[in-house]
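If you want the building blocks of each chain, they are given just below.
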Amino acid sequence: MTAKGGEVPPEAQAPPELPNHPLLSELAASFEEVSFSQVPRVEAGPQDTALVPREQIVAFMEAAFDLGYRMFVDLCAVDYFRRDPRFEVVVNVLALDPPHRLIVRVGVPADDPTMPSITGVYPGANFYEREAFDLFGIQFAGHPDLTRILLPDDWEGHPLRKDYEVGSVPVQFKGAHRAE
Amino acid sequence: MAGAAEPSGFLLTSLEKGVNWARTQSMWPATFGLACCAIEMMAAGAAHNDLARFGMEVFRASPRQADLMIVAGRVSQKMAPVLRQVYDQMAEPKWVISMGACASTGGMFNNYALVQGVDEVVPVDMYVPGCPPGPQSLMHGILSLQAQITSGEIKRPVVQL
Amino acid sequence: MSDTPNFATGDVEAPTIEAPDAVGAEAPPEDAAERRELHDIWVAGTEEPEWVSQATDEGAQELLPDAEEPALAVQRGTLVDDDYVADDTVAADERQIINLGPQHPSTHGVLRLQLELEGETIRRVKPIIGYLHTGMEKTAETLTFLQGPTNVTRMDYLSPFHNELCFSLAVEHLLELPMPPRAKAIRVLMTELNRIASHLLWLATQGMDIGALSMMLYGWRERERLLEFFEKTTGLRMNHNYIRPGGVAADLPDGWEEDIEDILKGVPASVAEYEELLNENPIFLDRTQGVGIITPEEAMAYGVSGPIARAAGIQLDLRRVAPYSGIEQYDFEIPVGKHGDVYDRYTVRVAEIRESLKIVSQVLETMPAGDYRAEDRKVTPPPRKRIDESMEALIHHFKIFTEGFKVPAGAIWQSVESPRGELGMYLVSAGGPRPWRLHVRGPSFAAVQALPVMLTDSLIADMISTLASSDPVLGDVDR
């Protein structure tokens, strides 16, 4: 049982010009290979997203931290299955003064599911990276304790990958036998 | 000495009835609240719906002092050995109530992470449906369990012969 | 036996215990340094060093870990498999590793803390979670977007409306569907009432953990008032599945204004009673002031938000910073503390109860008339009456409940201010009727991660108090 629900989602369409937020413009100036985009939202400001190559993620996060994105919010992984790169790690950080949220996406290929760990910049990424490792199998180089966190230690496989079955058991209903 | 023969004779069956009745009137639950059902279990023990009037005044944290294990909530694969260990630490006679849909059958989470029914791990005496069952449903389950123990439908040895 | 110690004369000699030959174990070395070396790192899964199969304490019963079940040994706490290096000033046998949980009355669910104790002081804490892992993120990929709230609502089970709201808002962003004003106001009403109910439960459990058992019963008493209103409106006391993509499931019932007025009269009086009970109580003050401190920088680095961050001094409330569902039109304050200890978290939460009551009374006065859900026939099911009258309505109903409405492709982040902090969802849709990926960012996950920071060198009693004050809900942590 593989992908449910249709096609692999396309990436957010990036407007060609540079982002218009002052913090992001500074980041864009220092990192040329990072592409910025915006996702529109209903009755709220647009969501600013940066697509960062794997090798530059630690430098990028350090620059973001220095610029004021002090609050670490989230790190999760998505399995796009048929796309290359297959996995995407999504980091979410928040600047408080002035308030601005930045979503950083990093592509991680299937044949080499590793990524540098950002726990050196944001210690709060510790548990989140362990969770991404546990559920997706993405290894974070430099993580102090990369072990399973949600599943038992002797579990085999990474459940949230798209090629891992949901694991449902067949459910019998009362009328099932009467059908014969 | 014979094996565990059925007690017979007028005195012994009255004793059995008396002991069973006494067992139901002061059954102490072990705290095994796991998820949302635990909140409703606590609500059942709170003042509005009072479990203390049925003898369940104290929820004992130590399984060694408890006789009833109310499995309230979803049991994950990681928690199952802990559940079994706590059950084993309880002294006889002990009973188990499986509270809620997740404990009884895995509930709406038919997936890799949950044990699909706590009766795969421990023997269950009473299932209470609901998601979560309100305090009144839980009390109905507890009172039904008490009735079944008193009537002898659910047997636990009274006298070992 | 001639070497029975004579306690009467005080002539007692420590008995010498010979290592039993049958097991093949050697007597442990006398030199403390050598003993410490033996209790050094062992990473589970690598080759087992010799000392694992040897006796542990002198004279203690041999509890050898079963060679086939290392996982069970880790679970029982007899193996600590990270690379902490023992402190040289303290002998290895003066430190003890014990488990708190996963079954424990004070851990607010199935949280396991592995504590390294030196007497009564905690030197190291390792939170071990996953005992409530339900695979909700995987289940979400098998449910339609309309069924989504039933799944998400059970994550943070103390604030189910917030989970549903976050999910519905994320879906509505992707659908580009704005909400009518009445739907927004109803959502604000329910979530703020939920915040009050959650904080009351927190007060109850904090009191119980510290020993103020009457607080436990009082907190539940007020909650019953609110839960009765929830049952009247949504049909359930908990896990309501009421806030759905497209609006809310049903309009407010007749007489809801009187119910809210009763709540607005009853709850403030009770909260004043609880403050009287606790604010000047010397035991409460001793156990909460100066305990479990977290600095603002630590809170931000670990992603701790909500009342814990605000008690530390960070002015962050998503209802102000990134408002949603029309909450910006209501007038309320954000209480912020100073010291970041347990007492400040208590005052912040009690103040938040009052601010939520303010918001609820404003909603009561200004509730707009109109639709309680968006009039998008492809998303919100038609009223049951219409199904008998119109073929289109029947088809829409059928499509929505069997196949589910399709949500355009995209990836969106939405977060709300839940009673525990920033509850966020990253929703990826592939253009079909089910989410491609739903990741839920629970605020308690970060709070549990920050526990070692709050608990450095504290006493066990302080640990209980701190753990209670960080208000972890394990459904949020483990999902």
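The following paragraphs examine the structure supplied in this document.

**Looking at the overall build of chain B**
Counting secondary structure elements, chain B contains 5 helices and 4 strands. Taken against the 2.2 N^0.38 rule, which gives 15 Å for 161 residues, the C-alpha radius of gyration of chain B at 16 Å falls within 12% of a compact globule. Based on the C-alpha atoms only, the size of chain B along its principal axes is roughly 50 × 35 × 25 Å. Looking at chain B as a whole, 52% of its 161 residues are labelled buried. Once local pairs closer than 6 in sequence are excluded, the contacts in chain B between residues at least 24 apart make up 77%. Roughly 6700 Å² of accessible area belongs to chain B as shown, and the carbon and sulfur atoms make up 56% of that amount.

**Brief notes about the sheet that holds strand E3 (residues 121–128) of chain C**
All names here are of chain C. Taking strand neighbours across the sheet as the criterion, the 3 strands line up as E1-E2-E3 in an open arrangement whose pairing is antiparallel. Each of the sheet's edge strands pairs with one partner strand only, and the pair in question is strand E1 (96–100) and E3. The average undirected angle you get between the axes of adjacent strands in this sheet is 25 degrees. Direction of pairing for strand E2 (residues 112–118) relative to E3: antiparallel, over a ladder of 7 bridges. The residue of E3 that forms the bridge with Gln-114 is Lys-126. Across the sheet, helix H18 (residues 460–469) lies against E1, E2 and E3, angled at about 155 degrees from E2, the strand it touches most.

**As for the environment of Ala-249 of chain C**
Residue and element names in this part refer to chain C. Along the chain, the position of Ala-249 falls in the loop between strand E5 (247–248) and helix H8 (256–278). C-alpha separation for the pair Ala-249 and Pro-381, spaced 132 residues apart in sequence, amounts to 9.6 Å. Leaving out residues up to four positions away in the same chain, Ala-249 has contacts with Asn-241, Tyr-242, Arg-244 and Tyr-372.

**A look at the layout of surface pockets**
Reported here for the second largest pocket is a volume of approximately 1000 Å³. Around the second largest pocket, the lining comprises 41 residues; the ones closest to its centre are Thr-31, Met-42 and Phe-59 of chain B together with Met-208 and Met-216 of chain C. The greatest single-element share of the lining of the second largest pocket, amounting to 5 residues, is contributed by helix H2 (residues 36–45) of chain B. A class-by-class count of the residues in the lining of the second largest pocket yields 27 nonpolar, 10 polar and 4 charged. The two domains that each donate at least three residues to the lining of the second largest pocket are domain 1 (7–128) and domain 2 (136–478) of chain C.

**Things to note about the interface of chain B and chain A**
Taken residue by residue, the interface counts 6 residues in chain B and 14 residues in chain A. Between chain B and chain A the total buried area reaches about 770 Å² when both faces are included, carbon and sulfur atoms providing 63% of it. Contact with chain A buries surface across chain B, with Lys-78, Asn-110 and Tyr-112 of chain B losing the most and accounting together for 78% of the total. The tally of links between chain B and chain A comes to 0 salt bridges. The interface formed by chain B and chain A holds 3 residue pairs in polar contact (both at pLDDT 80 or more) in total.

The rules behind each value
- Residues numbered from 1 in each chain as written.
- Chains lettered and ligands numbered in written order.
- Predicted model: local features only at pLDDT ≥ 70, side-chain atom pairs only at ≥ 80, totals over all residues.
- Heavy atoms only, no water.
- Helix = DSSP H or I, 4+ residues; strand = E, 2+ residues; numbered from the N terminus.
- Rg over C-alpha atoms; globule rule 2.2 N^0.38 Å.
- Buried < 20%, exposed > 50% of the residue type's maximum accessible area, 1.4 Å probe, protein only.
- Contact = heavy atoms within 4.5 Å.
- Areas by Shrake-Rupley, 256 points an atom, 1.4 Å probe, with all protein chains shown as cover.
- Pairing = 2+ DSSP bridges.
- Axes fitted to C-alpha atoms, helices over the stretch in contact; angles between N-to-C directions.
- 1 Å grid on protein atoms, 1.4 Å probe; cavity = no way out; pocket = protein on both sides within 12 Å on 5 of 7 lines; lining within 4 Å.
- Points joined across faces, edges and corners; volume = space filled by probe spheres on them.
- Nonpolar A, V, L, I, M, F, W, Y, C, P; charged D, E, K, R; others polar.
- Domains from an automatic or database assignment.
- Buried area = accessible area lost by both parts, 1.4 Å probe.
- Salt bridge = Lys/Arg side-chain N within 4 Å of Asp/Glu carboxyl O.
- Polar contact = N/O pair within 3.5 Å; in protein donor to acceptor, adjacent residues only side chain to side chain.

Any functional reading would require information beyond the geometric quantities listed.
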